[in-house]
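Chain by chain, the residues run as shown.
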Amino acid sequence: SPSGVTLVGTFRVERGHGWLRGLAAAVMGMPAAADSAPIRLTIAPEHDRERWTREIGSTRLVSIQWARNGLLHERFGPYRFVYRLTVDDGGLTYTQVAARFLGIPVPWPLALRTSARTRPTADGWEVESVVTAPVLGFLARYTGPVRPA
């Protein structure tokens, strides 16, 4: 919609084990682990882009998304993820194909990686998002339902 949309729900948030993974997730601003964290997602248009504000528990994550050359770009601060979107079974899968830090391409073996899937439900969507890092492996996952507020 021209004025944006707000979704609400509850996420299970998992974090990687070990102090180094915990530190990396904290530095990235990832939410704390929780079995049932409230989520509020606000998507607001900004010219030819969208501002996605995710409030998961007490953590606020803000990104800017836009389409370019058939791919979705998402910027979190100095980091940009580039995704190929595919539709399957009425859902959407985000497959990361590139990453940039401060505008500089990050070689794939060194790239922070994210993936996400959404699937329709009777009143909204089921969401899963996973973040991994080179060497460290699994950093965080959040899963759960969202619906229009």
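Read on for an overview of the structure. (Residues numbered from 1 in each chain as written. Predicted model: local features only at pLDDT ≥ 70, side-chain atom pairs only at ≥ 80, totals over all residues. Heavy atoms only, no water.)

1. Focus on the overall build of the chain
From N to C terminus, the chain includes one helix and eleven strands. The secondary structure elements of the chain, listed N-terminal to C-terminal, are β-α-β-β-β-β-β-β-β-β-β-β. Its C-alpha radius of gyration of 15 Å places the chain within 12% of the 15 Å reference for a compact globule of 149 residues. The proportion of buried residues among the 149 residues of the chain is 39%. Here the analysis covers contacts within the chain between residues at least 6 apart in sequence; of these, 40% occur between residues at least 24 apart. Here the chain has roughly 8,500 Å² of accessible surface; of this, 58% comes from carbon and sulfur atoms. (Helix = DSSP H or I, 4+ residues; strand = E, 2+ residues; numbered from the N terminus. Rg over C-alpha atoms; globule rule 2.2 N^0.38 Å. Buried < 20%, exposed > 50% of the residue type's maximum accessible area, 1.4 Å probe, protein only. Contact = heavy atoms within 4.5 Å. Areas by Shrake-Rupley, 256 points an atom, 1.4 Å probe, with all protein chains shown as cover.)

2. Side note on the layout of surface pockets
Empty space within the largest pocket amounts to approximately 800 Å³. Along the wall of the largest pocket there are 37 residues; nearest its centre are Trp52, Arg54, Glu74, Ser129 and Tyr142. When its residues are assigned to classes, the lining of the largest pocket shows 26 nonpolar, eight polar and three charged. (1 Å grid on protein atoms, 1.4 Å probe; cavity = no way out; pocket = protein on both sides within 12 Å on 5 of 7 lines; lining within 4 Å. Points joined across faces, edges and corners; volume = space filled by probe spheres on them. Nonpolar A, V, L, I, M, F, W, Y, C, P; charged D, E, K, R; others polar.)

3. Digging into the pattern of salt bridges
Side chains that differ in charge, positive against negative, can pair when their charged atoms come close. Taken as a whole and judged by the stated rule, the model has seven salt bridges. Between arginine 12 and aspartate 35 there is a salt bridge, with its nearest N and O atoms 3.8 Å apart. Of the two residues, arginine 12 sits in strand E1 (residues 5-15) while aspartate 35 sits in strand E2 (residues 34-46), which places them 23 residues apart along the sequence. Arginine 54 is the salt-bridge partner of glutamate 74, the closest N and O atoms lying 2.7 Å from each other. (Salt bridge = Lys/Arg side-chain N within 4 Å of Asp/Glu carboxyl O.)

4. A word on a nonpolar patch on the surface
Taken together, the side chains of Trp19, Leu20, Leu23 and Val27 define a hydrophobic patch exposed on the protein surface, amounting to about 490 Å² of accessible area. Looking at the secondary structure, you find leucine 20 in helix H1 (residues 19-27). The exposure class assigned to leucine 20 is partly exposed, which follows from its relative accessible area of 41%. (Patch = residues over 30% accessible without salt bridge, like charges linked within 9 Å, V, L, I, M, F, W, Y side chains within 5 Å.)

5. Quick notes on the nonpolar core
Formed by 31 residues in total, the largest nonpolar core has its most connected members in Phe11, Ile56, Tyr79, Leu112 and Leu139. When contributions to this core are tallied by element, the ones reaching two or more residues are E1, H1, E2, strand E3 (49-56), strand E6 (79-88), strand E7 (91-101), strand E10 (125-133) and strand E11 (137-148). Those residues in contact with phenylalanine 11 that lie beyond four places of it in its chain are Ala34, Asp35, Ser36, Ala37, Ile39, Ile56, Val127, Tyr142, Thr143, Gly144, Pro145 and Val146. (Core = buried A, V, L, I, M, F, W, Y, C linked by side-chain atoms within 4.5 Å.)

6. A few points about the side chain of glutamine 96
By the element assignment, glutamine 96 lies in strand E7. For glutamine 96, a relative accessible area of 8% gives the class buried. Of note is the side chain of glutamine 96, whose polar atom sits 3.3 Å from the backbone oxygen of alanine 98. At a separation of 3.1 Å, a polar atom in the side chain of glutamine 96 contacts the main-chain carbonyl oxygen of leucine 112. Ignoring sequence-local partners within four residues, the contact set of glutamine 96 consists of Phe81, Val82, Tyr83, Trp108, Leu112, Arg113 and Thr114. (Polar contact = N/O pair within 3.5 Å; in protein donor to acceptor, adjacent residues only side chain to side chain.)

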